[in-house]
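Spelled out from the first residue to the last, the chains are:
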Amino acid sequence: MRNDPVPFQSFAPIVIVGLCVLILEGVMRLSLVSPLIVAAPSQVVGSFPLLWDEHIGLRFLQTFAETLLATTLAMTIGGPIGWLLARNAKLDLAFRGWVAVASSAPLILMYPLFLVAFGRNMGTVVAIGAVSALAPIILKTRDGLTEVKTVLIEVGRSYGLSEQKLFRMIMLPAAAPSIINGLRLAIIFALANVVAVEFIINYGGIGYLVGEMADRYEIPGMYGAILAVITVSTLFYYVTERIERCLRPF
């Protein structure tokens, strides 16, 4: 059986990233950019032992856990709210616009209020991450449930399905793509705010490590820590992709 050739689109991103890395390495070796601003990729790789001494593994897990907790909390609160907006036209008309406005508000500026409420600990980080992740979950859950085709619901009712089974067997799978998109956006919002709060209040995970490296002018280490943030984001993307496949196996 003949194997089909691998399409260019499958490895093009890797090639492009590789070329960018080589160009950046050349630029830094030619001293065209100050090393106090950008680090050469080889220097970033060389900073990994330093980052390991700074317990980057534990900080990685802490940021991952805080983002996961914040997103889970936002799903627990925002999912039912989105369902209410989808079920009640008056509530939807009254509050959907406010939720949309909140999604673009710089909620991280409220961190002093959270510090007063929770103290300088994980509670503040998780709370700000959860609040920032609420809006996309509410809006995308509402959009997904309202866009379920009426004919699907009518077919389910014709088979005598209860409201609970109708929601679980028809509405939720049909709305899954929109809900998963909301979850992805929520993770992005939560992760960005979690790292930012860690940086601002000098607490805990990778955000703290980025600030620590910057204060010590360890520029390669700083970019290595930023690379760890990107790794967390990539890991969450993989998790949400697997969730979507479980909800929509076909």
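Residues numbered from 1 in each chain as written. Predicted model: local features only at pLDDT ≥ 70, side-chain atom pairs only at ≥ 80, totals over all residues. Heavy atoms only, no water.

A. Layout of the packing of aromatic side chains. On inspection of all chains with the given rule, the structure shows two aromatic pairs. On the basis of an interplanar angle of 15 degrees and a centroid distance of 6.3 Å, the ring pair of Phe114 and Phe118 is categorised as stacked. Placement of the pair is Phe114 and Phe118 together in helix H6 (residues 111–118), with a separation of four residues, close to one helical turn. (Phe/Tyr/Trp six-rings, centres within 6.5 Å; stacked < 30°, edge-to-face > 60°. Helix = DSSP H or I, 4+ residues; strand = E, 2+ residues; numbered from the N terminus.)

B. Representation of the packing of helix H4 (residues 56–87) against helix H9 (residues 163–201) in the model. Running from amino to carboxyl end, H4 crosses H9 at an angle of 135 degrees, the nearest separation of the two axes being 8 Å. When the axes of H4 and H9 are compared, the pair comes out oblique. Relative to H9, the crossing made by H4 is right-handed. Touching Thr63, Glu66, Thr67, Ala70, Thr71, Met75 and Trp83 of H4 are Phe167, Leu183, Ala186, Ile187, Ala190, Leu191, Val194, Val195 and Glu198, all from H9. For the contact of H4 with H9, the residue count by class is eleven nonpolar, three polar and two charged. (Axes fitted to C-alpha atoms, helices over the stretch in contact; angles between N-to-C directions. Parallel < 35°, antiparallel > 145°, perpendicular 65-115°, else oblique. Left-handed = near helix turned anticlockwise from the far one by under 90°. Contact = heavy atoms within 4.5 Å. Nonpolar A, V, L, I, M, F, W, Y, C, P; charged D, E, K, R; others polar.)

C. Main features of the nonpolar core. Core analysis: the largest hydrophobic core is formed by 22 residues, its most contacted members being Ile206, Leu209 and Val232. Only H4, H9, helix H10 (206–215) and helix H11 (219–247) provide two or more residues apiece to this core. Here this core gets seven residues from one element, more than from any other, and that element is H11. Contacts of Ile206, omitting those with residues within four sequence positions, involve Arg59, Phe60, Thr63, Glu198, Ala225, Ala228, Val229 and Val232. (Core = buried A, V, L, I, M, F, W, Y, C linked by side-chain atoms within 4.5 Å. Buried < 20%, exposed > 50% of the residue type's maximum accessible area, 1.4 Å probe, protein only.)

D. Spotlight on the packing of H9 against H10. Running from amino to carboxyl end, H9 crosses H10 at an angle of 50 degrees, the nearest separation of the two axes being 7 Å. Here H10 runs oblique to H9, going by the angle between their axes. Pair H9 / H10 crosses with right-handed handedness. Side by side, H9 and H10 meet where Val195, Glu198 and Phe199 of the first sit next to Ile206, Gly207, Tyr208, Val210 and Gly211 of the second. Tallied by class, the residues present in the contact of H9 with H10 amount to five nonpolar, two polar and one charged.

E. Main features of the pattern of salt bridges. In the structure shown here, the tally under the stated rule is seven salt bridges. A salt bridge links Arg142 to Asp143; the shortest N-O distance between them is 2.8 Å. Assessed through its relative accessible area of 13%, Arg142 is described here as buried. Relative accessible area serves as the criterion here: at 22%, Asp143 is assigned to the partly exposed category. Between Arg157 and Glu154 there is a salt bridge, with its nearest N and O atoms 3.8 Å apart. Here Glu154 and Arg157 lie together in helix H8 (residues 150–158), a separation of three residues that amounts to about one turn. Taken together, the shared-partner salt bridges in this structure form one network comprising Asp92, Arg96, Arg142 and Asp143. (Salt bridge = Lys/Arg side-chain N within 4 Å of Asp/Glu carboxyl O.)

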